[in-house]
Amino acid sequence: MEFSWGTGQEYRRLLLSILFLAAWKAGSGQVRYSVLEEAKHGTFVGRIAQDLGLELAELVPRLFRVSSKGRGDLLEVNLQSGILFVNSRIDREELCGRSAECSIHLEVIVDRPLQVFHVEVEVKDINDHPPVFPGTQKILFMAESRPIDSRFPLEGASDADIGANALLTYRLGPNEYFSLEKPSDEERVKRLGLVLRKPLDREEAPEIFVVLTASDGGKPELTGTVQLLVRVLDANDNAPTFDRTLYEVKLLENVPNGTLVIKLNASDLDEGLNGNIIYSFSDDILPTVKSKFYIDPITGEIMVRGYIDFEETKSYEILVEGIDKGQPPLSGHCTVMVEVEDTNDNAPATEFKFLSLPIREDAPLGTVIALISVSDLDSSVNGQVTCTLSPHVPFRLVSTFRNYYSLVLDSTLDRESVANYEVVVTAQDGGSPSLSTTASVSVEVADVNDNAPAFAQPEYTVFVKENNPPGCHIFTVSARDADAQENALVTYSLVERRVGERALSSYVSVHAESGKVYALQPLDHEELELLQFQVSARDAGVPPMGSNVTLQVFVLDENDNAPALLPPGPGGGPSAVSQVVSRSVDAGHVVAKVRAVDADSGYNAWLSYELQPAAGGARSPFRVGLYTGEISTTRALDEADAPRQRLLVLVKDHGEPALTATATVLLSLEDSGQAPKASSRALSGAAGAETALVDVNVYLIVAICAVSSLLVLTLLLYTALRCSAPPSEGACGPGKPRLVCSSAVGSWSYSQERRQRVCSGEGPPKTDLIAFSPSVPDSGDREDQQPATVDSLSKPRQPNPDWRYSASLRAGMHSSVHLEEAGILRAGPGGPDQQWPTVSSATPEPEAGEVSPPVGAGVNSNSWTFKYGPGNPKQSGPGELPDKFIIPGSPAIISIRQEPTNSQIDKSDFITFGKKEETKKKKKKKKGNKTQEKKEKGNSTTDNSDQ
């Protein structure tokens, strides 16, 4: 810094100035320095880092930088020492012209965190410009008749410096005619003048030479001179005079050309040509004034001829002279001061000084995103600028310094909702009408790993046929991550666990990128019916996020197990069945039974029995029940029948292709009197078997009653829940359709479950049940399976394979269950239609019968014993089946329908579960056709081929 010392008064003034400057700095938070113009390169200006409170060690890491708008690289900072020094030549007159104050505004910006400091460096003037006159010689015309003390104005010199360096003093060279008139301090326009001290005499001195010297107040003092040539003129005693020597005019900027500024009026006491005045600008006027204004030489009107801009020049000084036409001509002078008034003709300008983009979506509130500077070339209210931000953006503007704003984060960001913001900053001045300008910046939100991969549903059900080839693709899982780039890159893996004694990874695997699930080995339905496991999906973010999905893989049964024959007695092996038969038995008498089981399920385990034709084509007096395996007589035995009967029974399941097993039954025909001991033994064995049968029947009936009761309670509860639904659907409205999950594996056909309500006035809507089995064509191609939509209240689960009356009634246990009035089980394309049990609520009638399996049949028995109730004591004859029967403890009624002999559907003992109303209708129908039914029963007794 530069300081100067003077007198005691100057010292006090300097001290007061320093105290005022320090107080102003504390209030504004701005650092000020001063430096002399024309200082050498490297001249010390100030310790800027220390004054700003910054450590030298953090200047480079925090990217310390200094910028000066439009000032180039006049000043620089040494980052090692933190010193501000002069970098290049500073010319105050070039920077600020004639302005009294001249300073260089520096913007100091540091990062981490972002800080902006404002430093002003005042450029002090030195006396480096001498006074300069408009020309080296000035010619003045003076009439010899001018009286003493006449004043002749002179154009003074100009000094490019300011202050004391531009304070000029004048002195006139030695002469006897003129003295120099200096302007007083009270005059606004300080003009020089020559004062006549001695009368002029043209004959004595026609020309007078005088030297005018101007000196400035600088140290050292600089001077400038001009030679005055005074030519003495003759006659024309009166010069033109103006009303005033100074005229003041206010003129708005941007006025059109031709606008009248002022009309001057000068007068001359002379007459004739000596009194005619010609108006003109003085020769000493500045070229800029001549380019902006024009004066009419006759009328004295001054008009605008150029663009008047307040921001360019705020005032104009016009020197006007009025010259008469006398000989010699005389002139009068005046000054017109034109003050230019500002109008709001400049819109604010905005500039983004700093941008910190993109911004992370987890950035804290108050994070600085951009630094914005605004400016307006207008003055006063027209130059006062306010900034606003576009609405509905999570940012706000904070005023940090005069005409500087910071764009900061005002609310939390979510890239998944909005990934990019177009922020529009509007700068508006205070003029009337106000002007505004806009600047926009695109703020990109950087992604953060804040979303875990999500599956479409939490659980999927997959159906896979057993004996699949190793490496078979069974399903594809897919998870979506709402994040972007690596945060959305999902990889899949198995959640390892033990399946029995083996690891899950030995059964299935999942592709890490595609999510395809593969079966690594053939699956066996008999070994593993359900494989449940989880697949994990994790993204590549840091830290990674993940989620799991559950897969239920149901292994569908294939017909890969042939029927297995059960031993004829307890503890025996699968040998031939031997039985002694009396020749006196009637037709329809059961003489033996073939028992077999199948390890498969459903249709693959539904067994049927066929009697192979005897050798030679002889008609056998025996037949076998199609689904019971009971061998009975078709007629009464006679002596013509061979005493030894060898029967071959073919046991066949309903799979595709069907598998078979052959049982051999050896029958010995004896007369009734020849084997009393055998008959006694047979009766004793029959009694024991019947006792065992009673015990088994009790357990079986209890189990059937429990299952039936549970089913009825479930249906009643379900009906009550459905009836308590919102009334908008209606009591009899159709239920919401639900798609039962069926897999594309093995080309299982999709089926839609329809729930129909039956309206009655007795209670809530009733719902019946139907069962059907999927269609499984032989197709080796498997498409990628898509999960079926299931109701959230009931997910598809594999039916319990142990709920079966016998091996022949296990078909359809993997089928989906529908609620219908009645049902027909369809085996698939080309398969036979089977009447399947359908259960509905009914009240048992007293004439209905009861059902129980035979003695020793167990759970897998295919034969049943029908017992009529007390209301219907009728017993079935040989080959006859009861019309209906009931299950004790259950409201269900079981009716049996037999197909006619010539029916194309080769099935027997169709069992249906119907309602009480249906049973009553059948009773009425049977009473009218009782004779016809007896004929049909007689035909069915003698026919063996359809059973």
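Residues numbered from 1 in each chain as written. Predicted model: local features only at pLDDT ≥ 70, side-chain atom pairs only at ≥ 80, totals over all residues. Heavy atoms only, no water.

As named in an unreviewed UniProt entry, the protein is Protocadherin alpha-4 isoform X2, taken from Odocoileus virginianus. For the protein, the Subcellular location (unreviewed entry) comment in UniProt is given as "Cell membrane". (UniProt positions renumbered as here; feature names shortened; annotations may be inferred.)

Draft legend 1. Looking closely at the pairing of strand E14 (residues 223-233). Here strand E8 (residues 137-143) pairs with E14 via seven bridges, running parallel. From the neighbouring strand, Ile139 faces E14, where its bridge partner is Leu229. Direction of pairing for strand E13 (residues 207-215) relative to E14: antiparallel, over a ladder of nine bridges. Residue pairing for E14: Leu212 is matched across the bridge by Val226. (Pairing = 2+ DSSP bridges. Helix = DSSP H or I, 4+ residues; strand = E, 2+ residues; numbered from the N terminus.)

Draft legend 2. Just the sheet that holds strand E26 (residues 368-375), in detail. With respect to topology, four strands assemble into an open sheet ordered E24-E26-E29-E28, the strand pairing being antiparallel. Edge positions in the sheet fall to strand E24 (349-355) and strand E28 (395-401), since each has one partner strand and no second. When strand polarity is set aside, the average angle formed by the axes of neighbouring strands in this sheet is 30°. (Axes fitted to C-alpha atoms, helices over the stretch in contact; angles between N-to-C directions.)

Draft legend 3. Structural detail: unusual backbone geometry. Cis rather than trans, the peptide bond between Leu357 and Pro358 has omega equal to -10°. One non-glycine residue, Asn254, lies in the positive phi region at around 65°. Examined against the element boundaries, Asn254 turns out to sit in the loop between strand E16 (246-252) and strand E17 (260-263). The exposure class assigned to Asn254 is partly exposed, which follows from its relative accessible area of 29%. The backbone of Asn467 shows a phi angle near 65°, a positive value even though the residue is not glycine. Residue Asn467 is classed as partly exposed on the basis of its relative accessible area, which comes to 42%. (Buried < 20%, exposed > 50% of the residue type's maximum accessible area, 1.4 Å probe, protein only.)

Draft legend 4. Spotlight on the state of the cysteines. Applying the stated criterion to the full structure yields one disulfide. At a sulfur-sulfur separation of 2.0 Å, the disulfide partner of Cys96 is Cys102. Of note, the bridge from Cys96 to Cys102 carries an S-S torsion of about 70° and is right-handed in sense. Classification of Cys102 by relative accessible area gives buried; the value is 3%. (Disulfide = S-S within 2.5 Å.)

Draft legend 5. Representation of the sheet that holds strand E34 (residues 472-476) within the structure. The three strands are arranged E34-E40-E39 in an open sheet whose pairing can be described as antiparallel. Sheet topology places E34 and strand E39 (508-510) at the edges, where each strand pairs with a single neighbour. Sheet twist, expressed as the mean angle between neighbouring strand axes with direction ignored, is 30°.

Draft legend 6. Region of the structure containing the pattern of salt bridges. Enumeration over the complete set of coordinates arrives at 21 salt bridges. Residue Asp91 is joined to Arg89 by a salt bridge in which the shortest nitrogen-to-oxygen separation is 3.2 Å. On the basis of relative accessibility, which here comes to 12%, the residue Asp91 falls in the buried class. Here Asp284 ties to Lys138 by a salt bridge, and the two come within 3.5 Å at their closest N and O atoms. Highlighted residues: Asp284 in the loop between strand E19 (277-281) and helix H4 (287-292) and Lys138 in strand E8, separated in sequence by 146 residues. Take Lys138: its relative accessible area is 25%, and that puts it in the partly exposed class. It is possible to trace a salt-bridge network through shared partners that takes in Glu38, Arg89 and Asp91. (Salt bridge = Lys/Arg side-chain N within 4 Å of Asp/Glu carboxyl O.)

Draft legend 7. A look at the side chain of Thr213. Residue position: Thr213 is located in strand E13. In contact with Thr213, other than residues within four places in its own chain, are Thr169, Tyr170, Arg171, Thr223, Gly224 and Thr225. (Contact = heavy atoms within 4.5 Å.)

Draft legend 8. Quick peek at the side chain of Ser68. Residue position: Ser68 is located in the loop between strand E3 (65-67) and strand E4 (75-78). There is a polar contact of 3.4 Å between the side chain of Ser68 and the backbone oxygen of His105. If sequence neighbours within four positions are ignored, Ser68 has contacts with Ile104, His105 and Leu106. (Polar contact = N/O pair within 3.5 Å; in protein donor to acceptor, adjacent residues only side chain to side chain.)

Draft legend 9. Inspection of the pairing of E34 at higher detail. With four of five residues buried, E34 is to be regarded as a mostly interior element. Sheet topology places E34 next to strand E40 (residues 516-519); four bridges connect them, and they run antiparallel. Opposite Thr476, over in E40, you have Lys516 as the bridge partner.

Draft legend 10. Molecular detail of the environment of Leu252. The topology assignment puts Leu252 in strand E16. Each C-alpha atom, one on Leu252 and one on Asp342, is 6.4 Å from the other, the two residues being 90 residues apart in sequence. Setting aside anything within four residues of it in sequence, one finds Leu252 in contact with Glu341 and Thr343.

Draft legend 11. Here's a closer look at the packing of aromatic side chains. The full count for this structure, using the stated rule, is nine aromatic pairs. Where Tyr177 meets Phe178, the ring centres are 6.5 Å apart and the plane angle is 50°; that geometry is what we call tilted. Taken individually, Tyr177 and Phe178 each receive the classification buried, so the pair is uniform in this respect. Summarising the aromatic geometry, the rings of Trp606 and Tyr627 are spaced 5.3 Å apart at their centres and angled 20° between planes, so their arrangement reads as stacked. Here the residue Trp606 occupies a position in the loop between strand E46 (596-597) and strand E47 (608-611), and Tyr627 occupies one in the loop between strand E48 (622-624) and strand E49 (630-633), the gap between them amounting to 21 residues. Comparing Trp606 with Tyr627, the two get one shared label, buried. One residue, Lys314, lies across the ring of Phe310, its end atom 5.1 Å from the ring centre. (Phe/Tyr/Trp six-rings, centres within 6.5 Å; stacked < 30°, edge-to-face > 60°. Lys NZ or Arg CZ within 6 Å of the ring centre and 35° of its normal.)

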